[in-house]
Structures are given as C-alpha cells and as structure tokens.
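Below, each chain spelled out in residue letters.
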Amino acid sequence: MAPDKTLVTINPVTRSNGLLKVEVEVSGGKVTDARCSGIFFRGFELILQGRDPRDAGYYAERICGICSTAHATAAAMALEDAAKIQVSDNAVLLRNLIFGADFLQNHLRHFFFLGLPDYIDTPEIPPFTPHGAQRASLPRAINDRMMEHYRESFRASQMAHEMTVIFGGKAPHVHGIVPGGASVKPTIDRVTRFGAALEEVHRFIVEKYLPDAMTLGEYYPEDFQLGTGYRNLIAFGLFPKPGHPGIWTFPPGIAKDGMLEEVDQKAIQEDIKHSWFREQPKPENPWEGVTVPDLEKEEGYSWVKAPRYRGMALECGPLARLWVRGDYRRGISTLDRVMARAQDAKKISEHMKEWLEMLHPDAPTYTPFEVPKNAEGIGLTGAMRGPLGHWVRIEGGRIAHYQIVTPSAWNFSPRDGRGVRGPVEEALIGTPVADPANPVEVGRVVRSYDACLACGTHVFEPGRGLTAFQIF
Ligand code: NFE
Ligand code: MG
C-alpha cells in the first residue's frame, strides 16, 4: 500500500442485516479500493441435504428474518417444478399477498430504521447515540417531520407484518406457503382484515414514505453521483400473474450497457476464488456447485460466493427490477436505489389491492403435492433485494443437492477468479471520504443496497483480528 493510503475497516457495518465487514483503501480523500466480506457462515445448503423435501421451505426461511417469505416462495416453486405441478390461481394470489406484505414491511424498515439516520439529524438518545458525523442539510421543519414519520413507521411496518400473518400464519417464517399452494383459506373475515390493514399501509407509503424519499433527492443531489457502480442490472420475475402461467407482474431481465436481455439461468455461475470454500477447477452453475467450507484458504476473504452472469458482476434490487420493467430510469446511484425502493413499495401495494379483489373464498388454494422419487427443480423469484434462486435435486425421495443463490450474494460478492470486483466493491470506488476516522459516506453507499449478509452467507466465527467500528 502506498504511503498516502489509509486502510479503513468498518466492522460490522451497522444498520444492516447480518454481519458485513467493509474495508476501503482511501487515497486523496477518495476510496481507491474496496473489499466486502460476509463474516459468518451458516451452512443451510448442507443442513438441507438428506432431508424430506417438504421441509426445504421451513429450513430455508430461517436463513433470514427479514426476507423469509422469499425463501418460502423459492423453495415451494423449486419443489413444484420438480413435481411438475401448477398451483391454482387462488394460491398464486394468496402467495403474492403474503409475499407482498413482507416486501412492504422490509422496505418501510429499510428506509426509516436503516437508511434515514444517514440523512437526518436524530435526537441524542438511544438508539441514535453515539452520534457519528451526521450530515443533516434539511430545514428543521422537514427534519422534524421525517423524525415523526420515523416513529409512525413502527406502526406501519408492524401492520405489514400483521398482513403477512393473516394469510401466512406467522411472521417472520410463514407457514402458509407450501409446495402445492397456500394453506390458509381466504375467508371473508381474513380478506376484510387484510384489506383494512393494506389501505392504512398504502396510505402511509403514498403520503409519507414516498414523499420523504423524494425530499432526500431534493436536498442531497450529490448522492446521485455516489455509488454508481457497474450499471449492469439483473432481475428475476416477481409475483406470478394469476391465470397466466409463466408471466410475471414484474418481468425478469438483464440490463447491460442500457440494453435489455432475457435471463438464462444456465448462464449463472458461482465463483469461489476469494470465498472460504474448497477450491474448484472453474466457476459452477448451482446444479454442479457445492458448498464445502475451507477456512484456511489463503485467497479467501468472505463467506459469500461470487455469482456471475456470463462472467459479469450484476447489481440487483428494487432499482434493477423497476428499471427492467421501465418504471424507474432516472439513474443508477445511491439515492436512486433509495427512491426506487419507495416507488417499489407504492407499486406493490397497488398490485396487492388488485390481487385481494381477485381472491375467491371458495376456490381451491392447494394442489396435492407428492414428493417425487427422483427429480430436479428450480425456483427463481424476485425478492426484496433482488433475484433469489433455489436449485433442488431429489434422489430416493430425499434432498440430494440444494443450492441457494441470494440477492445479497450478487451485490456483496467478493472478487472473482478474474479479479472482477463484486458490485458493491465497485460502487464504492471514487466515494469521497472526508474523515477516514468516520467514513459515513461509505455507510450510505453500502446501505442503499439494503444489505442482508444473513442471506448472503447462508458457524459464526468471531475474532479473526477484526476491529469493531461504530458508524451510526
Ligand atoms: Ni435476508 Fe434475502 C432478500 C433473499 S438476500 S434478505 O431479499 O433471498 O439479499
Ligand atoms: Mg449459496
């Protein structure tokens, strides 16, 4: 490292899900290199081996407390693909509503609890203390109004969780999404309760969340220059359209150099050159890829694998998905991610109102699912942070192979064997850092991706000589 360079370690990055370490090299007041490390390993793909396939969703959901419904959905879809069954329209609607409510909960919590304290002057009381170098350029009245919305968002995100519970049974880690459909009937009382809560949450999104996100755009325009990254995006299809098998409410796609392409799952490979997994001759598609931890690997610096698409590192999240659908094309940056997520919440809540109207109290919600003796299946779905894939191979009626590729693995991947940085590592390059002792700018870029390292790493190993760092 050149003498004018400072190495700054943020560990863990606070106000994110799971344990993420970010190391940046700062030179001339800017980030010149970056490394993102997922610093815990949980081994869910290994835990699933040899189990009854019907348990896959229940185990996989426990990867995460914030996007558990995404894993329930992907697991159910993978098993339905293996069993070659189609779920009923009523089941599609119920699952979209359960999953949609979990999206709203996630986006509200991310904006108000995790992201907003980077932009407003917060009171000097826990959980906001100790105050770091806060950057608060908002007029006092606007700042106070947003703090008020911060408090109100507790109620709104709680109501979104309650909606998940009405059809999902519990939250997080719903019981209501099963291979074959949904397990809870849409009785009139449930539909009514869901509708009333949806109305209230939708109103909060339209009247408070979305305007607040736009206000940040007005007062912090410099953040449109921050965290731009590769500008290449990926989305999987999200929310199947009832009555239209294979068609999605939010379509899948790749935006590369501004051009849209279709997604081919066969072009996805996971590179593990810099991940703590046993070396393999080449990057593998999840059908061949395995999970064999190797903590002694010298080049390793993360428990996150590096998903690549034809060798490309692609960014994902609400911005990528709305970009592919043509709903948001303002730009690709830190603040664009924040604003697109707010738009996403509004659009999802509007779709949910339509789906609720389409539910039929007497139509079937479940198609009998039998575990196939030997079969393979893939479940691909959009999730809160981007594309999620589950790959399952069943042999002798048990799970023989299970691979999971999560959104946060795409975004927070380490370098690959060709030295290509992960998307967030790349996005950090050029970030101005006014005070290396308090690198708040780095935190803002990282948080715009709504990191979830619980999903990304899917044996917690404390220590490793890492320093704790508080950057609130
Ligand atoms: Ni734990 Fe998750 C989402 C999945 S990973 S949050 O969304 O899948 O990014
Ligand atoms: Mg995996």
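Residues numbered from 1 in each chain as written. Chains lettered and ligands numbered in written order. Predicted model: local features only at pLDDT ≥ 70, side-chain atom pairs only at ≥ 80, totals over all residues. Heavy atoms only, no water.

## So, the environment of proline 432
Thought 1: Counting through the fold element by element, proline 432 comes out in the loop between helix H10 (423-428) and helix H11 (440-447).
Thought 2: Residue classification places proline 432 among the partly exposed positions, given a relative accessible area of 39%.
Thought 3: Separated by 405 residues in the primary sequence, proline 432 and serine 27 place their C-alpha atoms 9.5 Å from one another. (Helix = DSSP H or I, 4+ residues; strand = E, 2+ residues; numbered from the N terminus. Buried < 20%, exposed > 50% of the residue type's maximum accessible area, 1.4 Å probe, protein only.)

## Side note on the environment of arginine 145
Thought 1: Within the element layout of this structure, arginine 145 appears in helix H5 (residues 140-168).
Thought 2: Separated by 67 residues in sequence, arginine 145 and aspartate 212 place their C-alpha atoms 9.1 Å apart.

## Looking at the pairing of strand E3 (residues 30-38)
Thought 1: Relative to E3, strand E2 (residues 20-27) runs antiparallel, the two sharing eight bridges. Bridged to leucine 20 within E3 is glycine 38. (Pairing = 2+ DSSP bridges.)

## A word on the pairing of strand E15 (residues 398-405)
Thought 1: E15 sits mainly inside the fold: six of its eight residues count as buried.
Thought 2: Note: strand E14 (residues 386-395) against E15, seven bridges, orientation antiparallel. Considered in E15, the bridge of arginine 393 is made with histidine 401.
Thought 3: In this structure, the hairpin formed by E14 and E15 is closed by a connection of two residues, where glycine 396 is found at a positive phi of approximately 60°.

## Regarding the coordination of the iron atom of ligand 1
Thought 1: Among protein atoms, the single one acting as a donor to the iron atom of ligand 1 is Cys67 (SG), 2.4 Å away.
Thought 2: Between the iron atom of ligand 1 and the nickel atom of ligand 1 there is a metal-metal distance of 3.1 Å. (Donors = N, O, S within 2.8 Å, 3.2 Å for Na, K, Ca; no water.)

## So, the nonpolar core
Thought 1: Of all hydrophobic cores here, the largest spans 121 residues; its most connected members are Leu104, Phe167, Phe194, Met352 and Leu428.
Thought 2: Residue contributions to this core peak at 13 residues, all from helix H4 (residues 89-115).
Thought 3: With sequence-adjacent residues up to four places away left out, methionine 352 is seen in contact with Leu97, Gly100, Ala101, Leu104, Met163, Phe194 and Leu198.
Thought 4: Within the second largest apolar cluster, 13 residues are counted, among which are Phe236, Ala267, Ile268 and Trp410. (Core = buried A, V, L, I, M, F, W, Y, C linked by side-chain atoms within 4.5 Å. Contact = heavy atoms within 4.5 Å.)

## Overview of the sheet that holds E3
Thought 1: The strand order across the open sheet formed by three strands is E1-E2-E3, and the pairing between neighbours is antiparallel. At either end of the open sheet lies a strand with only one pairing partner, and these are strand E1 (6-10) and E3. Within this sheet the neighbouring strands show an average axis-to-axis angle of 20°, counted without direction.
Thought 2: Direction of pairing for E1 relative to E2: antiparallel, over a ladder of five bridges. Pairing of threonine 6 across the sheet is with valine 26, part of E2.
Thought 3: Contacting E1, E2 and E3, H11 runs over the sheet at an angle of about 130° to E2. (Axes fitted to C-alpha atoms, helices over the stretch in contact; angles between N-to-C directions.)

## Focus: the site of ligand 1
Thought 1: Of all residues adjacent to ligand 1, which total 13 residues, the nearest are Cys64, Cys67, Ser408, Cys452 and Cys455.
Thought 2: In this structure, histidine 71 approaches ligand 1 through a side-chain N or O atom, which is 3.3 Å from an oxygen atom.
Thought 3: Within the backbone of methionine 384, one N or O atom sits 3.2 Å away from an oxygen atom of ligand 1.
Thought 4: Its residues assigned to classes, the shell around ligand 1 comprises nine nonpolar, three polar and one charged. (Near = heavy atom within 4 Å. Polar contact = N/O pair within 3.5 Å; in protein donor to acceptor, adjacent residues only side chain to side chain. Nonpolar A, V, L, I, M, F, W, Y, C, P; charged D, E, K, R; others polar.)

## Things to note about the packing of aromatic side chains
Thought 1: Within this structure, the stated rule accounts for 20 aromatic pairs.
Thought 2: Ring centres of phenylalanine 112 and phenylalanine 204 lie 5.6 Å apart, and the angle between their planes is 50°; this geometry places the pair in the tilted category. Here the residue phenylalanine 112 occupies a position in helix H4, and phenylalanine 204 occupies one in helix H6 (residues 188-219), the gap between them amounting to 92 residues. Like phenylalanine 112, the residue phenylalanine 204 is buried in the burial classification.
Thought 3: Ring centres 5.8 Å apart and planes at 75° place the aromatic pair phenylalanine 277 and tryptophan 303 in the edge-to-face group. With phenylalanine 277 in the loop between strand E11 (268-271) and strand E12 (306-309) and tryptophan 303 in the loop between E11 and E12, the pair connects residues that are 26 residues apart, well separated along the chain. Across this residue pair, the class does not change: phenylalanine 277 and tryptophan 303 are buried.
Thought 4: An aromatic cluster is built from Phe99, Phe103, Phe239, Phe250 and Trp355, whose rings are joined through pairwise contacts.
Thought 5: The ring of tyrosine 301 carries the charged tip of arginine 35 above its face, separated from the ring centre by 4.2 Å.
Thought 6: Note that arginine 321 overlies the ring of phenylalanine 250, its terminal NZ or CZ placed 4.7 Å from the centroid. (Phe/Tyr/Trp six-rings, centres within 6.5 Å; stacked < 30°, edge-to-face > 60°. Lys NZ or Arg CZ within 6 Å of the ring centre and 35° of its normal.)

## Quick notes on the packing of helix H7 (residues 318-325) against helix H8 (residues 334-358)
Thought 1: Contact geometry of H7 with H8 gives a least axis separation of 8 Å together with a crossing angle of 65°. One element, H7, and the other, H8, form an angle in the roughly perpendicular class. Viewed along their axes, H7 and H8 form a crossing whose handedness is left-handed. Together, Pro318, Leu319, Arg321, Leu322 and Arg325 of H7 and Asp336, Arg337, Ala340, Arg341, Gln343, Asp344, Lys347 and His351 of H8 make up the contact between the two elements. (Parallel < 35°, antiparallel > 145°, perpendicular 65-115°, else oblique. Left-handed = near helix turned anticlockwise from the far one by under 90°.)

## Topic: the side chain of arginine 308
Thought 1: Structurally, the position occupied by arginine 308 is in strand E12.
Thought 2: A relative accessible area of 3% means that arginine 308 is categorised as buried.
Thought 3: Engagement of the side chain of arginine 308 in a polar contact is seen with the side chain of aspartate 416, the distance being 2.7 Å.
Thought 4: Sequence-distant contacts of arginine 308, that is, excluding residues within four places in its chain, are made with Ala267, Ile268, Gln269, Ala313, Trp410, Ser413, Pro414, Arg415, Asp416, Val420, Arg421 and Gly422.

## Focus on the sheet that holds strand E6 (residues 233-235)
Think of a sheet as strands paired side by side through backbone hydrogen bonds, with each pair either parallel or antiparallel.
Thought 1: Strand order in the open sheet made by the three strands is E6-E9-E10, with antiparallel pairing throughout. Looking at strand neighbours, the two that pair on one side only are E6 and strand E10 (259-261), the edges of this open sheet. Across the sheet, the axes of successive neighbouring strands diverge by a mean angle of 20°, strand direction being ignored.
Thought 2: Relative to E10, strand E9 (residues 253-256) runs antiparallel, the two being bridged by three bridges. Bridging from a neighbouring strand, lysine 256 pairs with methionine 259 of E10.
Thought 3: The strands touched by H7 are E6, E9 and E10; relative to E6, the strand with the most contacts, the crossing angle is about 85°.

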